[in-house]
Amino acid sequence: MIIQLQQGIPAELKENILKQVSEIGYKANEVITQEAHYLVAIGKKEFDIRHIGQLPGVADIHRVSEEYKLISRKWKVEPTRIDLGDGVTVGEGNFSIMAGPCSIESEAQIESVVAHLKENNVRIMRGGVFKPRSSPYAFRGMGMDGLKMFHRICRENDIKIITEVMQVSQIEEMIDYVDVFQVGARNSQNFNLLDSLGEAQKPVLLKRGISGTLEELLQAAEYIFSHGNEKIMLCERGIRSYEGAYRNVLDLNAVPVLKEKTHLPVIVDPSHGIGLRDYVESMSLAAVMAGADGVIYETHQTPEKAFSDAQQTVNFWESERMIRRMRQAYDLRESF
Ligand code: PEP
Ligand code: MN
């Protein structure tokens, strides 16, 4: 059960609601986000929720049976839109394109990607500075020096930054240089990191785990929300299967299913999803038609020279064509 409290509720009214909730045998968790003040009450007993709903100080109340609650469409029917500032918004009503290299490599590389994005009116650039790599000997990112450079160039060009945070201790040093924190597939169930990102208040793009179910993804998002941060986007980036012909299986089934279950925006990553540059465009167009709110993909001036994920990175010519076609596909979808 979710109880939304009236803004600025006096302490004695809140205490009274908590008392009544506990008398029914429910355990209440208090959640205060950027948007509202909630009590998420967990319990089994059947009772008439009007009993709580009519108490002074209650703004709204709903029974939600899933394990995830605040992110459920059963609680909030309206889609969530995340405002990144300067006219950049993610969520229903527009299609967000986020593009850039797998890894930030140099000043010249950032500048060339930024110029490409500006030419195509793309306002969000991706790029990792802390890279989770399967091999400890692979390039692991430029770290904070790379992030500061990335930030300076993007700020000069009115472009927002999305980059991966790998551990709790990095949040504080990164936060002023980031517009969206990415939680990578390998960290999708790092609950300490999710808790801390809930407190950090910055928008988060949460990737599905490599072998993660949708239920697990949704519960991971609930961790962030229930620690105070409503600004969450979910990302389908492919799941591991027995098939060896491509890197992962991009599960586009997830898009309409997630859109039905949650009010959060759903973003698709076709680069990690298929892992082969020749097919990134097809899968990005399929993602548009499946109902995604945006895509995030890897592009580089000379993909074959990229420090990481070269095999799935498209060049600027391919990227430009993808952007044009995705926008056409989105307009077609919206005209249905
Ligand atoms: C990435 O975006 O470069 C990345 C490492 O993604 P994932 O966590 O989905 O593998
Ligand atoms: Mn990558």
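Residues numbered from 1 in each chain as written. Chains lettered and ligands numbered in written order. Predicted model: local features only at pLDDT ≥ 70, side-chain atom pairs only at ≥ 80, totals over all residues. Heavy atoms only, no water.

**Examining the overall build of the protein**
Next up, step 1: Helix and strand counts for the protein stand at eleven helices and 14 strands.
Next up, step 2: A compact globule built from 336 residues would reach a C-alpha radius of gyration of about 20 Å, and the protein, at 21 Å, matches this within 12%.
Next up, step 3: Over its C-alpha atoms, taken along the principal directions, the protein stretches across nearly 65 × 40 × 40 Å.
Next up, step 4: Taken over 336 residues, the protein has a buried fraction of 56%.
Next up, step 5: Relative to all contacts within the protein whose residues are 6 or more apart in sequence, the contacts with residues 24 or more apart total 68%. (Helix = DSSP H or I, 4+ residues; strand = E, 2+ residues; numbered from the N terminus. Rg over C-alpha atoms; globule rule 2.2 N^0.38 Å. Buried < 20%, exposed > 50% of the residue type's maximum accessible area, 1.4 Å probe, protein only. Contact = heavy atoms within 4.5 Å.)

**Quick word on the environment of P101**
Next up, step 1: Residue position: P101 is located in the loop between β7 (96–100) and α3 (107–119).
Next up, step 2: A residue is classified by how much of its surface remains accessible, and P101, at 1% relative accessible area, is buried.
Next up, step 3: Sequence spacing of P101 and E298 is 197 residues, and the spatial spacing of their C-alpha atoms is 4.9 Å.
Next up, step 4: If we skip the residues at most four places from it in the chain, P101 touches Q109, V113, M125, R126, G127, G128, E298, T299 and H300.

**Overview of the pattern of salt bridges**
Next up, step 1: Tallied over the entire structure, the rule returns 19 salt bridges.
Next up, step 2: The salt bridge involving D158 is made with R123; its shortest N-O contact spans 3.2 Å. Taken as a pair, D158 in the loop between α4 (143–156) and β9 (160–164) and R123 in the loop between α3 and β8 (124–126) lie far apart in primary sequence, 35 residues in all.
Next up, step 3: When its relative accessible area of 24% is taken as the criterion, R123 is described as partly exposed.
Next up, step 4: Notably, a salt bridge pairs E298 with R126, separated by 3.4 Å at the nearest N-O pair. With a gap of 172 residues between them, E298 in strand β14 (residues 294–298) and R126 in strand β8 connect regions that are remote in the sequence.
Next up, step 5: Residue R126 is classed as buried on the basis of its relative accessible area, which comes to 2%.
Next up, step 6: Among the charged side chains, a network of salt bridges with common partners joins R73, E92, K259 and D293. (Salt bridge = Lys/Arg side-chain N within 4 Å of Asp/Glu carboxyl O.)

**Details of the UniProt feature "domain: DAHP synthetase I/KDSA" (unreviewed entry) in the protein**
Next up, step 1: UniProt annotation of "domain: DAHP synthetase I/KDSA" (unreviewed entry) refers to residues 82–328 when read in the numbering used here.
Next up, step 2: In the segment residues 82–328, helix accounts for 38% and strand for 17%; the C-alpha atoms at its two ends are 23 Å apart. (UniProt positions renumbered as here; feature names shortened; annotations may be inferred.)

**Concerning a nonpolar patch on the surface**
Next up, step 1: There is a patch of nonpolar side chains on the surface, built from M289, L332 and F336 and spanning about 340 Å² of accessible area.
Next up, step 2: According to the relative accessible area criterion, F336 is exposed, its value standing at 71%. (Patch = residues over 30% accessible without salt bridge, like charges linked within 9 Å, V, L, I, M, F, W, Y side chains within 5 Å. Areas by Shrake-Rupley, 256 points an atom, 1.4 Å probe, with all protein chains shown as cover.)

**What about the sheet that holds strand β3 (residues 37–42)?**
Next up, step 1: The strand order β2-β3-β1-β4 describes an open sheet built from four strands, whose pairing is antiparallel. For this open sheet the edge positions go to β2 (27–32) and β4 (58–62), each flanked by a neighbour on one side alone. Ignoring strand direction, the axes of neighbouring strands in this sheet form an average angle of 20 degrees.
Next up, step 2: By the bridge criterion, four bridges tie strand β1 (residues 2–5) to β4 in an arrangement that is antiparallel. (Pairing = 2+ DSSP bridges. Axes fitted to C-alpha atoms, helices over the stretch in contact; angles between N-to-C directions.)

**Let's talk about the site of ligand 1**
Next up, step 1: Around ligand 1, the structure places C102, R126, K131, E164, Q182, G184, A185, R186, K207, R237, H272 and E298.
Next up, step 2: Within the contact set of ligand 1, an oxygen atom lies 2.7 Å away from a side-chain nitrogen or oxygen of R126.
Next up, step 3: At a separation of 2.9 Å, an oxygen atom of ligand 1 approaches a polar side-chain atom of K131.
Next up, step 4: Burial of ligand 1 by the protein chains amounts to 98% of its free accessible area of 290 Å².
Next up, step 5: Applying the majority rule of atoms within 2 Å of the grid points places ligand 1 in the second largest pocket.
Next up, step 6: Its residues assigned to classes, the shell around ligand 1 shows two nonpolar, three polar and seven charged. (Near = heavy atom within 4 Å. Polar contact = N/O pair within 3.5 Å; in protein donor to acceptor, adjacent residues only side chain to side chain. 1 Å grid on protein atoms, 1.4 Å probe; cavity = no way out; pocket = protein on both sides within 12 Å on 5 of 7 lines; lining within 4 Å. Sits in = over half its atoms within 2 Å of the grid points. Nonpolar A, V, L, I, M, F, W, Y, C, P; charged D, E, K, R; others polar.)

**Regarding the coordination of the manganese ion (ligand 2)**
Each donor-metal-donor angle in an ideal tetrahedron of four donors is 109.5 degrees, and each such angle in an ideal octahedron of six donors is either 90 or 180 degrees.
Next up, step 1: At 2.1 to 2.4 Å from the manganese ion (ligand 2) lie its protein donor atoms, namely C102 (SG), H272 (NE2), E298 (OE) and D309 (OD).
Next up, step 2: On the primary sequence, the residues serving as donors to the manganese ion (ligand 2) are separated as C-x169-H-x25-E-x10-D. With C102 in the loop between β7 and α3 and E298 in strand β14, the pair connects residues that are 196 residues apart, well separated along the chain.
Next up, step 3: Relative accessible area serves as the criterion here: at 0%, E298 is assigned to the buried category. (Donors = N, O, S within 2.8 Å, 3.2 Å for Na, K, Ca; no water.)

**Thoughts on the packing of helix α7 (residues 214–226) against helix α8 (residues 254–261)**
Next up, step 1: Here α7 crosses α8 at 45 degrees, and the two axes come no closer than 11 Å. Classified by the angle between their axes, α7 and α8 sit oblique to one another. The hand of the α7/α8 crossing is right-handed. Contacts between α7 and α8 involve L214, L217 and L218 on the former and, on the latter, A254, V257, L258 and K261.
Next up, step 2: By residue class, the composition of the contact of α7 with α8 is six nonpolar, no polar and one charged. (Parallel < 35°, antiparallel > 145°, perpendicular 65-115°, else oblique. Left-handed = near helix turned anticlockwise from the far one by under 90°.)

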